[in-house]
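Report on the structure
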2 protein chains.
Amino acid sequence: MCQLMGMNARRPTDVMFSFAGLATRAHEHKDGFGIAFFEGRGLRHFVDHHSARVSPLAELVKTYPIRSDVVIAHIRKATQGVVSLENTHPFVRELWGRYWVFAHNGDLKGFAPRLHAAFKPVGQTDSEQAFCWLMQELAKAHANMPAIEELNHTLRELLPQLNRHGTFNMLLSNGQALWAHGSTRLHYLLRRPPFGHVTLQDEDLSVDLAAKTTEDDRIAIVATEPLTRGETWVPIEPGTLKVFLGGEPLC
Amino acid sequence: MCQLMGMNARRPTDVMFSFAGLATRAHEHKDGFGIAFFEGRGLRHFVDHHSARVSPLAELVKTYPIRSDVVIAHIRKATQGVVSLENTHPFVRELWGRYWVFAHNGDLKGFAPRLHAAFKPVGQTDSEQAFCWLMQELAKAHANMPAIEELNHTLRELLPQLNRHGTFNMLLSNGQALWAHGSTRLHYLLRRPPFGHVTLQDEDLSVDLAAKTTEDDRIAIVATEPLTRGETWVPIEPGTLKVFLGGEPLC
C-alpha cells in the first residue's frame, strides 16, 4: 500500500521531521515518491520515480527547511500504471487561478469516467483519472472559486462516487484547505500548545516542537499510519471527508 | 533582463554544464529561477524565488545528472509582478494529456487578453497571462493533440499577436518539440558529431563533450546570450519562431 502524508498549518511550517518519518517507510514503497509544498498561491512540486531511500531529491527535502502552509506527500507502491515519472503522485492541475494538488492511496476498479472537458491524464494511473474527473466536476459545479464551505458540499457529493469503485484514501489541496478522504486507513493529528517533545514511530529521532513553534501555531498532520509516538492520532472513519483550514479541523 | 535557456535532444541528455553557465549570470538576476525537465511525458519542475546563486535547489540541479529530452530554464529579474514563488518561471499547464512548459523574457505592455476558458493565471505576471492565452487559443484551434507541423502553423499565427505588445523572447515545450520565439535577443547552437571540448563563456570551466556523448547524439541549446566559447551560436532573427525536434532544427 502507498503511504500518504499531508500537513495544514495556520502559519508556514516545515515538515522535515514528518517527512523523515514517512521516508523511513520507503523500503516497501520503492516505486517513487512526491511532495508538493504550497507557499501562498505558489507551489513547489518534487517528484521522483526512484525510491525515497536513495533519491537525492528526498535527501534535499529532509534537510531543506521549506516553510509551507499546506504539504501533500506520497510514497508509491505501484498497483496500476508503470513506474515512471508521469505516474508519480502528487498530481497538479490549475483551476480557477489556483494550483490543486492530489494524492491517492488505493485502487479503483473498472473506473473509466468520461473526461470531456479541460482535464486529461498525462500518465496511466487510475488515480490521475480520478483527479481529472474531480477537477472536471468541480469546474462544472462552480464558475469561479467558491467559499471553502461550498467546496466541502460539492466534494461530499463527488467523493462517494469515486469511493464506490474501490479504495479511495485521498489528500487534496488548493493551498488553503486540506481535504482528507478516508476509505480504509488514514489518521490525523492536531498539534496545539502546549507543544512538547515528539518521537518518530520507526526511528529514535525526536524533536522539541516547543523550540520550533509559538503559542499561535496550529498544525494538522494527516498520514496513512501514525508517524509519531506519544501523540493522539485519530483514525478517519471510512467513507468520511475531513477538512483542515488554518491547522484546525473544520468539520 | 531575464535569462532563458532551453535544450532539446534526440536522446536524454543532462544540462548540468549549461545550467552552471546560466547560473553564474544570476548576480544581476536575483529574483528567482526555475527549471523544468521532461523525461518522456513526465516532468520535474523546480522553482525558487531566491537567487540561483544561493538556492539549495540550484545547487542540486548543478550536481544532479538528470537526463532529459527537453529542458526549459529561466533566471528572473522581475519587471512585472512581485518576487514570489507563483511568479517564478517556467510555468506549467496540462493540455491534451501533455504537460506544457513556458518561459518568457521581456515585457508586454497593455496586454489584457480575455481569458474565458480553462486556463487562468495563478500569479500576477504578464508572462503567465500570455501563456494562459496561448494555451486557450491552442485548445480552441485543435480538439486533440495535432502533429507538430500543425502546431507550428497555429503558433505562427498566435505568437505575432503577443510580440506586438512588446518584447516576447519565449521558450515553449510539450516534451517533444522545443519552440523558441525570438523578439530581441535569443541564440541557438546545434551540437553534432564530432563532439569536442567546450568552455563556459563566463568561467574557466570546460567539458569534453565527446566523453559524454555518442555518434547518435544531436543536441540543440537555446539561450539569451551564448553560454560557451568556441561554438557557433546563431542569433534567432527578431519576430521568428525556431522549432527543434530530436535535437535538430525543423525549420
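Residues numbered from 1 in each chain as written. Chains lettered and ligands numbered in written order. Predicted model: local features only at pLDDT ≥ 70, side-chain atom pairs only at ≥ 80, totals over all residues. Heavy atoms only, no water.

Under the annotation held in an unreviewed UniProt entry, chain A carries the name Class II glutamine amidotransferase and is attributed to Roseateles chitinivorans.

1. A few points about the sheet that holds strand 13 (residues 228-229) of chain A
All names here are of chain A. We apply this condition: Pairing between strands is defined by DSSP: at least two bridges between them are needed. Secondary structure follows DSSP: runs of H or I at least 4 residues long count as helices, runs of E at least 2 residues long count as strands, and numbering of each begins at the N terminus. In this analysis, two residues are considered to be in contact whenever any of their non-hydrogen atoms come within 4.5 Å of each other. To obtain each axis, a line is fitted to C-alpha atoms, and for helices this fit is confined to the stretch in contact; angles are then taken between N-to-C directions over 0 to 180 degrees.
Taken together, the three strands give an open sheet; going across it, the order is 11-10-13, and neighbouring strands pair in antiparallel fashion. Unpaired on one side and paired on the other, strand 11 (206-208) and strand 13 mark the two borders of the sheet. Pairing of strand 10 (residues 197-200) with strand 13, which is carried by two bridges, proceeds in the antiparallel orientation. Looking at the pairing, Leu200 lines up with Thr228 of strand 13. Running at roughly 25 degrees to strand 10, helix 1 (residues 16-23) makes contact with strand 10, strand 11 and strand 13 of the sheet.

2. A look at the relation of the copies chain A and chain B
Cut-off, in case you're wondering: Here the copies were fitted onto each other by least squares, based on C-alpha atoms from residues at pLDDT of at least 70 in both.
Each copy superposes on the other: chain A lies on chain B with an RMSD of 0.0 Å after a rotation of 180 degrees and an axial shift of 0.0 Å. Such a combination of rotation and displacement between the chain copies is what one expects of a two-fold axis. Comparing contact sets, 100% of the residues at the interface of chain A also lie at the interface in chain B, consistent with an isologous, same-surface contact.

3. A closer look at the interface of chain A and chain B
When the parts of a complex come together, some accessible area is lost, and that lost area is often used as the size of the interface. Rule in force here: Buried area: the accessible surface (1.4 Å probe) lost by two parts on joining, summed over both. Each salt bridge in this description consists of a side-chain nitrogen of Lys or Arg and a carboxyl oxygen of Asp or Glu lying within 4 Å of one another. The definition of a polar contact used here is a pair of N or O atoms within 3.5 Å, where within protein one atom must be able to donate a hydrogen and the other to accept one, and adjacent residues in sequence count solely through side-chain atom pairs.
The partner chain B presents 29 residues to the 29 residues of chain A that form the contact. The junction of chain A with chain B conceals about 2,500 Å² of combined surface from both sides, 59% of it contributed by carbon and sulfur atoms. Linking chain A with chain B are four salt bridges, by the criterion used here. Taking the shortest distance from any N to any O, the salt bridge between Arg44 of chain A and Asp48 of chain B comes out at 3.4 Å. Put simply, chain A and chain B have twelve residue pairs in polar contact (both at pLDDT 80 or more) between them.

4. Side note on the packing of helix 3 (residues 126-141) of chain A against helix 4 (residues 148-163) of chain A
Residue and element names in this part refer to chain A. To be explicit about the condition: Put simply, angles under 35 degrees are roughly parallel, angles over 145 are roughly antiparallel, angles from 65 to 115 are roughly perpendicular, and the rest are oblique. Crossing chirality is assigned from the near helix's rotation relative to the far helix, an anticlockwise turn below a right angle marking it left-handed and a clockwise turn marking it right-handed. Asp, Glu, Lys and Arg are counted as charged, while Ala, Val, Leu, Ile, Met, Phe, Trp, Tyr, Cys and Pro are counted as nonpolar; the rest, among them Gly, fall into the polar class.
It is at 11 Å that the axes of helix 3 and helix 4 come closest, and there the two elements cross at 140 degrees. Relative to helix 4, the element helix 3 lies oblique. Note that helix 3 runs across helix 4; the crossing there is right-handed. Along the contact surface, helix 3 presents Ala130, Trp133, Leu134, Glu137, Leu138 and Ala141, while helix 4 presents Leu151, Thr154, Leu155, Leu158, Leu159, Gln161 and Leu162. Each residue belonging to the contact of helix 3 with helix 4 can be placed in one class, and the counts come to ten nonpolar, two polar and one charged.

5. Describing the environment of Thr232 of chain B
Residue and element names in this part refer to chain B. Looking at the element boundaries, Thr232 is found in the loop between strand 13 (228-229) and strand 14 (234-235). Sequence separation between Thr232 and Tyr188 is 44 residues, and the spatial gap between their C-alpha atoms is 8.4 Å. Those residues in contact with Thr232, other than ones at most four positions away along the chain, are Tyr188 and Leu189.

6. Concerning the pairing of strand 2 (residues 33-39) of chain A
Residues and elements named next belong to chain A. The cut-off we apply is this: Here the term buried applies to any residue with accessible area under 20% of the maximum for its type, exposed to any over 50%, and partly exposed to those in between, with areas from a 1.4 Å probe on protein chains only.
By the criterion of burial, strand 2 is predominantly enclosed, with seven of the seven residues buried. Burial along strand 2 is two-sided: Phe33, Ile35, Phe37 and Glu39 and Gly34, Ala36 and Phe38, pointing in opposite directions, are all buried. Bridging between strand 2 and strand 3 (residues 42-48) involves seven bridges; their strand directions are antiparallel. For Ile35, the partnering residue across the bridge sits in strand 3 and is Phe46. Where strand 2 hands over to strand 3, the hairpin turn is made up of two residues, of which Gly40 adopts a positive phi near 60 degrees. Sheet topology note: the strand 2/strand 4 (residues 68-75) ladder contains six bridges and is antiparallel. Bridge pairing in strand 4 links Ile35 to Ala73.

7. Looking at the packing of aromatic side chains
Geometry of an aromatic ring pair is reported as the spacing of the ring centres plus the angle between the planes. Rules: Any pair of Phe, Tyr and Trp rings, taking the six-membered ring for Trp, is counted once the centres come within 6.5 Å. Such a pair is stacked with planes under 30 degrees apart, edge-to-face with planes over 60 apart, and tilted for the rest.
Across all of its chains, the model carries 15 aromatic pairs over all chains by this definition. Centroid distance Phe19 of chain B to Phe33 of chain B: 5.9 Å. Interplanar angle 50 degrees. Geometry classified as tilted. Residue Phe19 of chain B is found in helix 1 (residues 16-23), and its partner Phe33 of chain B is found in strand 2 (residues 33-39); the two are separated by 14 residues along the sequence. Ring plane angle 85 degrees and centroid distance 5.9 Å describe the contact between Phe37 of chain B and Phe46 of chain B, whose orientation is recorded as edge-to-face. In this structure, Phe37 of chain B and Phe46 of chain B share a single accessibility class: buried. An aromatic cluster is built from Phe37 and Phe46 of chain A together with Phe37 and Phe46 of chain B, whose rings are joined through pairwise contacts.

8. With respect to the pattern of salt bridges
Inspection of the entire model under this criterion finds 28 salt bridges over all chains. A salt bridge links Glu248 of chain B to Arg192 of chain B, with the nearest nitrogen and oxygen atoms 2.8 Å apart. Of the two residues, Glu248 of chain B sits in strand 16 (residues 248-249) while Arg192 of chain B sits in the loop between strand 9 (187-191) and strand 10 (197-200), which places them 56 residues apart along the sequence. Judged by its relative accessible area of 22%, Glu248 of chain B falls in the partly exposed class. Given the relative accessible area of 40%, Arg192 of chain B is considered partly exposed. A single salt-bridge network, built from bridges that share partners, covers Arg10, Arg192, Arg218 and Glu248 of chain A.

9. Details of the sheet that holds strand 10 of chain B
Residues and elements named next belong to chain B. Read from one edge to the other, the open sheet built from three strands follows the order 11-10-13, with strand pairing classed as antiparallel. On the outer flanks of this sheet lie strand 11 (206-208) and strand 13, each paired with one strand and no other. One ladder, built from three bridges, connects strand 10 with strand 11; its direction is antiparallel. Paired with Thr199 across the bridge in strand 11 is Ser206. Where helix 1 meets the sheet, its contacts fall on strand 10, strand 11 and strand 13, and the angle it forms with strand 10 comes to roughly 25 degrees.

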